[in-house]
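Results of the structural survey
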Amino acid sequence: MGEDRRLTAVVALAQGMAAAHTPRESWRAAALGACRALAGNFAALSVWERERGRLRVLANVGDRAFDEEEFPDDEAYPVHQFPEITEFLHERWARGGEPNAWVETAEGSTAGRAGYCHQRVAALRRRGRGCCVVAPIVLHGRAWGELYVARPAGEPVFDRADADFATVLASVVAAGLAQTERLEEARRLAYTDALTGLANRRAVDVRLDEAIEQHRRDGVVVSLVVCDLNGLKRVNDTRGHAVGDQLLERFGSVLSLCGAMLPGALAARLGGDEFCLLAAGPAADEVVRAAGELCRRAAGLELGEGVACGIASTQDPIGPVRSGRRLFRLADAAQYRAKAVRATKPVVAGREGPDDPVVRLADEPSPAKAERRRFRGRR
């Protein structure tokens, strides 16, 4: 391959990874770009999971064998089967060398001389491949994983120039992975509450809009639990905000635990002492049970004074729900009702008869503030 074509291939790989919106898209772009650049027919990207002592495949592209999924859930190999990633490479780096790529064939190793690797050779033969080039990926100064590109039996074997080029491609992949990590961290921070680690209001708004669309299209049950943690102001005023933050964190853990009772539920902190659970799929009664457990556990938190909990579900008689905003108004009104009457159990919108006060409060915006004051003033 000429220098111009190789430069074009490097640029294409980098652009493909830069255009990725998710880690999976980034992994696929890395493997596919390397496969094309090296004129292979198959490529894989794998990560070295040190804590589990294994090499886990993230993506397979090209002509995949029957047992090779594009994004496998459980394709992993004990690292001791591939000593070059832990022994050969480590020793080379320790002596100041570079993490160069090497070539394996169905007959044994050639370019790069990483040492005969029986497992790789056996895999080549089993899958009808004649050779592969293996390029270590180094990220943040440590071995992160490997890039693997293969050619079918009968095709020209990778040579030393291909191995050198694979080393360059691996460094481009490493840069792309680092960028993906930064973007994922930025996304995580944008949708995560910094104190509790739960989702934030932005994440709830996005997920709620998606859930309401599912409800409108497929009739999926959507339920929203809005909670107000009682006693936070007193704790902040008498014990300090650091102790108040501890109370918020503890309640966040309880919310997460109870949310796990509802498959796929999103646990979030809306801000201040307000939290919520958003569930799409579980029946309304399941959500009420989980919220009841939340109230019970919250009542036992040290320093706290329990929680006021309101629920609104599309499965209850609350009228048509065409937007997330209305479901929020209903759950919020139910939470205010719970706080006003000092309920120790959740208040559920639509379950107090045809003239349900919660539904009336939510659907009459003009007197809402007066109604809320009246609810809060009741003893």
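Since we're looking at a predicted model, the values are computed, not measured.

1. Notes on the overall build of the chain
Counting its regular elements, the chain contains twelve helices and twelve strands. Sequence-distant contacts, at least 24 apart, represent 63% of the contacts inside the chain between residues at least 6 apart. Accessible area of the chain: about 18,500 Å², with a carbon and sulfur share of 50%.

2. Description of the environment of Phe158
By the element assignment, Phe158 lies in the loop between strand S7 (142-152) and helix H5 (160-190). Residues Phe158 and Cys132, 26 residues apart in the sequence, show an inter-C-alpha distance of 7.1 Å.

3. Considering the pattern of salt bridges
Where side chains of opposite charge bring their charged atoms close, a pairing between them can arise. All told, the structure shown has 24 salt bridges when counted by the stated rule. Across the pair Arg234 and Glu305 runs a salt bridge, and its minimum N-O distance is 2.6 Å. Linking Arg234 in helix H7 (residues 232-239) with Glu305 in the loop between helix H9 (284-299) and strand S11 (307-313), this pair joins segments that are 71 residues apart in sequence. Relative accessible area serves as the criterion here: at 46%, Glu305 is assigned to the partly exposed category.

4. Side note on the confidence of the model for the chain
When the pLDDT values of the chain are averaged, the result is 87; 88% of them are 70 or greater. Considering only residues more than four positions removed or in separate chains, one finds that residues 367-379, a stretch of pLDDT under 50, has 17 contacts.

5. Digging into the packing of helix H1 (residues 3-18) against helix H2 (residues 23-37)
Direction vectors running N to C along H1 and H2 enclose 170 degrees, while the axes themselves pass 8 Å from each other. As summarised for this structure, H1 and H2 are arranged roughly antiparallel, according to the angle between their axes. The segment H1 lies against H2, with Ala9, Leu13, Gly16 and Met17 engaging Ser26, Ala29, Ala30, Gly33, Ala34 and Ala37. Classifying every residue of the contact of H1 with H2 gives seven nonpolar, three polar and no charged.

6. Comments concerning the sheet that holds strand S8 (residues 222-229)
Reading across the sheet, the five strands line up as S9-S10-S8-S11-S12 and stay open at both edges, with mixed pairing between neighbours. Of all the strands in the sheet, just strand S9 (266-271) and strand S12 (347-348) have a single pairing partner and so form its edges. Of the strand pairs in this sheet, S8 and strand S10 (residues 274-280) are connected by seven bridges, and their pairing is antiparallel. Paired with Val225 across the bridge in S10 is Leu277.

7. Comments concerning unusual backbone geometry
Residues other than glycine predominantly adopt negative phi, and peptide bonds predominantly adopt the trans conformation. Non-glycine residue Ala39 carries a positive phi angle of around 55 degrees. Along the chain, the position of Ala39 falls in the loop between H2 and strand S1 (42-49). Even without being glycine, His140 reaches a positive phi, approximately 55 degrees. With respect to the helices and strands, the residue His140 is situated in the loop between strand S6 (129-139) and S7.

8. Comments concerning the nonpolar core
Of all hydrophobic cores here, the largest spans 38 residues; its most connected members are Val133, Ile137, Leu169 and Val173. Every element with two or more residues in this core is listed here: H1, H2, S1, strand S2 (54-62), S6, S7 and H5. Listed in part, the 31 residues of the second largest apolar core include Val204, Leu208, Leu330 and Ala334.

9. Observations regarding the packing of H1 against H5
Viewed as axis vectors pointing N to C, H1 and H5 meet at an angle of 25 degrees, and their least axial separation amounts to 9 Å. In terms of their interaxial angle, H1 and H5 are classed as roughly parallel. Crossing handedness for the pair H1 and H5: right-handed. Of H5, the residues touching H1 (which contributes Arg6, Ala9, Val10, Leu13, Ala14 and Met17) are Ala161, Asp162, Phe165, Val168, Leu169, Val172, Val173, Gly176 and Leu177. Residue composition of the contact of H1 with H5, by class: twelve nonpolar, one polar and two charged.

10. As for the pairing of S11
Here S11 lies mainly inside the structure; seven of its seven residues are buried. Burial of the side chains of S11 extends over both faces: Val307, Cys309, Ile311 and Ser313 are buried on one face and Ala308, Gly310 and Ala312 on the other. Where S8 lies against S11, seven bridges are found, and the strand directions are antiparallel. Paired with Cys227 across the strands is Cys309, a residue of S11. Here S11 pairs with S12 via two bridges, running parallel. Following the sheet pairing, Gly310 is matched in S12 by Val347. Chirality of the crossover, the property in question, places the unit of S11, helix H10 (residues 324-340) and S12 among those that are left-handed.

11. Observations concerning the packing of aromatic side chains
Inspection of the entire model under this criterion finds two aromatic pairs. Consider the rings of Phe42 and Tyr148, whose centres lie 6.2 Å apart with planes at 75 degrees: the pair is edge-to-face. Placement of the pair is Phe42 in strand S1 and Tyr148 in strand S7, with a sequence separation of 106 residues. Judged by centre distance (4.9 Å) and plane angle (75 degrees), the ring pair of Phe251 and Phe275 falls under edge-to-face.

The rules behind these values
Residues numbered from 1 in each chain as written. Predicted model: local features only at pLDDT ≥ 70, side-chain atom pairs only at ≥ 80, totals over all residues. Heavy atoms only, no water. Helix = DSSP H or I, 4+ residues; strand = E, 2+ residues; numbered from the N terminus. Contact = heavy atoms within 4.5 Å. Areas by Shrake-Rupley, 256 points an atom, 1.4 Å probe, with all protein chains shown as cover. Salt bridge = Lys/Arg side-chain N within 4 Å of Asp/Glu carboxyl O. Buried < 20%, exposed > 50% of the residue type's maximum accessible area, 1.4 Å probe, protein only. pLDDT = per-residue confidence, 0-100. Axes fitted to C-alpha atoms, helices over the stretch in contact; angles between N-to-C directions. Parallel < 35°, antiparallel > 145°, perpendicular 65-115°, else oblique. Nonpolar A, V, L, I, M, F, W, Y, C, P; charged D, E, K, R; others polar. Pairing = 2+ DSSP bridges. Core = buried A, V, L, I, M, F, W, Y, C linked by side-chain atoms within 4.5 Å. Left-handed = near helix turned anticlockwise from the far one by under 90°. Right-handed = clockwise from strand over helix to strand, strands pointing away. Phe/Tyr/Trp six-rings, centres within 6.5 Å; stacked < 30°, edge-to-face > 60°.

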